[in-house]
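Commentary on secondary and tertiary structure
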Amino acid sequence: MSTGVTFYFMRHGETMLNRLERIQGWANAPLTEKGIQDTHRSGKGLANVKFDAVYTSDLMRTIETAQIILEENHYAQELTIHPMVEFREVHFGYYEGLDANQLWRDVREHIANVSDVTDRSQLTADVFLNTVHELDPYKYAENYRQFWTRVESGLLELLNRHAGTEQNVLIVSHGLTIQNLLHGLVADFNEQERLNNASVSVVQYIDGQFRLLKYNDTSHFTD
């Protein structure tokens, strides 16, 4: 019988920059009170899941989220959080901290000049990230190749450690990072729904293939 590994990809809890609808890539911001409460609710709902390893990005909001999840978990006494730069959010360069609506307006205007794409849901990850990179006058924003190379290296490291172990691995990361990662890994994945804070997307890796079990799930939230 084949053995696999199950990854629980969790988006961090709501932050102040999320609340203010500001672009938040590599910028740090603390969790809001709602973010803390919802993360506790998510943690309570996952309290009976025995995680064998926990990884986060190296940004404060994912580490704080993971700490709350482990605080609520019944099997977390021996677990250590392992921050990894590979699981950071997309770096938005010039747009970091700016109004999110401004970014989308700029992207739409730029795309309209070179293609027929008019709706945000039609934008593929590579077109979106490459456009942001082009729009950044300093060229600090990651293009798609830079983003994917970074994130893929982190995932390969985890596969080398955990593939075939039947373990449950928690990865607390970021909305676009998780969504773009799933687009790159799961066949026929076409979800456009934005990930909710503290939601879980569950992926099983077995026999060399990734299978999506849950996406953007908050049904486990427990008061």
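Cut-offs applied
Residues numbered from 1 in each chain as written. Predicted model: local features only at pLDDT ≥ 70, side-chain atom pairs only at ≥ 80, totals over all residues. Heavy atoms only, no water. Helix = DSSP H or I, 4+ residues; strand = E, 2+ residues; numbered from the N terminus. Expected span 1.5 Å × (residues − 1). Buried < 20%, exposed > 50% of the residue type's maximum accessible area, 1.4 Å probe, protein only. UniProt positions renumbered as here; feature names shortened; annotations may be inferred. Contact = heavy atoms within 4.5 Å. Axes fitted to C-alpha atoms, helices over the stretch in contact; angles between N-to-C directions. Nonpolar A, V, L, I, M, F, W, Y, C, P; charged D, E, K, R; others polar. Phe/Tyr/Trp six-rings, centres within 6.5 Å; stacked < 30°, edge-to-face > 60°. Core = buried A, V, L, I, M, F, W, Y, C linked by side-chain atoms within 4.5 Å. Salt bridge = Lys/Arg side-chain N within 4 Å of Asp/Glu carboxyl O.

1. Digging into helix α6 (residues 144-162)
What sets the pattern is the α-helix's 3.6 residues per turn: residues three or four places apart point alike. For α6, with 19 residues, the first-to-last C-alpha span of 26 Å sits near the 27 Å given by 1.5 Å per residue. Burial in α6 covers these residues: Phe147, Trp148, Arg150, Val151, Gly154, Leu155, Leu158, Leu159 and His162. Of the residues flanking the end of α6, it is glycine 164, one or two places downstream, whose phi is positive at about 75 degrees.

2. Focus: the UniProt feature "active site" (unreviewed entry) in the protein
As recorded in UniProt, the feature "active site" (unreviewed entry) lies at His12 and Glu89. In terms of the greatest pairwise C-alpha distance, the residues named above, spread along 78 residues, form a tight cluster of at most 10.7 Å across. When residues no more than four places from it in sequence are discounted, the contact partners of histidine 12 are Asn18, Gln24, Arg61, Thr62, Thr65, Val172, Ser173, His174, Asn197 and Ala198. With respect to the secondary-structure elements, glutamate 89 resides in the loop between β3 (81-83) and α4 (100-112). Judged by its relative accessible area of 7%, glutamate 89 is buried.

3. Some thoughts on the packing of helix α5 (residues 125-135) against α6
Where α5 meets α6, the axes come as close as 8 Å, and the angle between the chain directions of the two elements is 115 degrees. When α5 is examined against α6, the residues Ala125, Asp126, Leu129, Asn130 and His133 are found in contact with a partner set consisting of Tyr144, Gln146 and Phe147. Within the contact of α5 with α6, the residues separate by chemical class into 4 nonpolar, 3 polar and 1 charged.

4. Focus: the packing of aromatic side chains
Tallying each qualifying case throughout the model produces 10 aromatic pairs. Measuring from ring centre to ring centre gives 6.4 Å for tyrosine 144 and phenylalanine 147, while their planes differ by 45 degrees; the resulting arrangement is tilted. Pair noted here: tyrosine 144 and phenylalanine 147 are both in helix α6, with a separation of 3 residues, about one helical turn. For phenylalanine 147, a relative accessible area of 0% gives the class buried. An aromatic cluster of at least three residues, connected via ring pairs, comprises Tyr94, Tyr95, Tyr138 and Tyr140.

5. Here's the deal with α5
Among the residues making up α5, those that are buried are Ala125, Phe128, Leu129, Thr131, Val132 and His133. The elements touched by buried residues of α5 are α4, α6 and α7 (175-185).

6. Some remarks on the nonpolar core
For soluble globular proteins, the rule of thumb is that nonpolar side chains tend to be buried together. Phe7 and Phe128 are the most contacted members of the largest nonpolar core, which totals 40 residues. In this structure phenylalanine 128 touches Phe92, Leu103, Trp104, Val107, Leu123 and Leu176, once residues within four positions along its chain are discounted.

7. What to know about the pattern of salt bridges
Throughout the structure, instances matching the rule amount to 10 salt bridges. For aspartate 217, the salt bridge is made with lysine 214, and the minimal N-O distance between the two is 3.7 Å. Residue classification places aspartate 217 among the buried residues on the basis of a relative accessible area of 14%. One salt-bridge network, in which partners are shared between bridges, spans Lys34, Asp38, Arg41 and Asp223.

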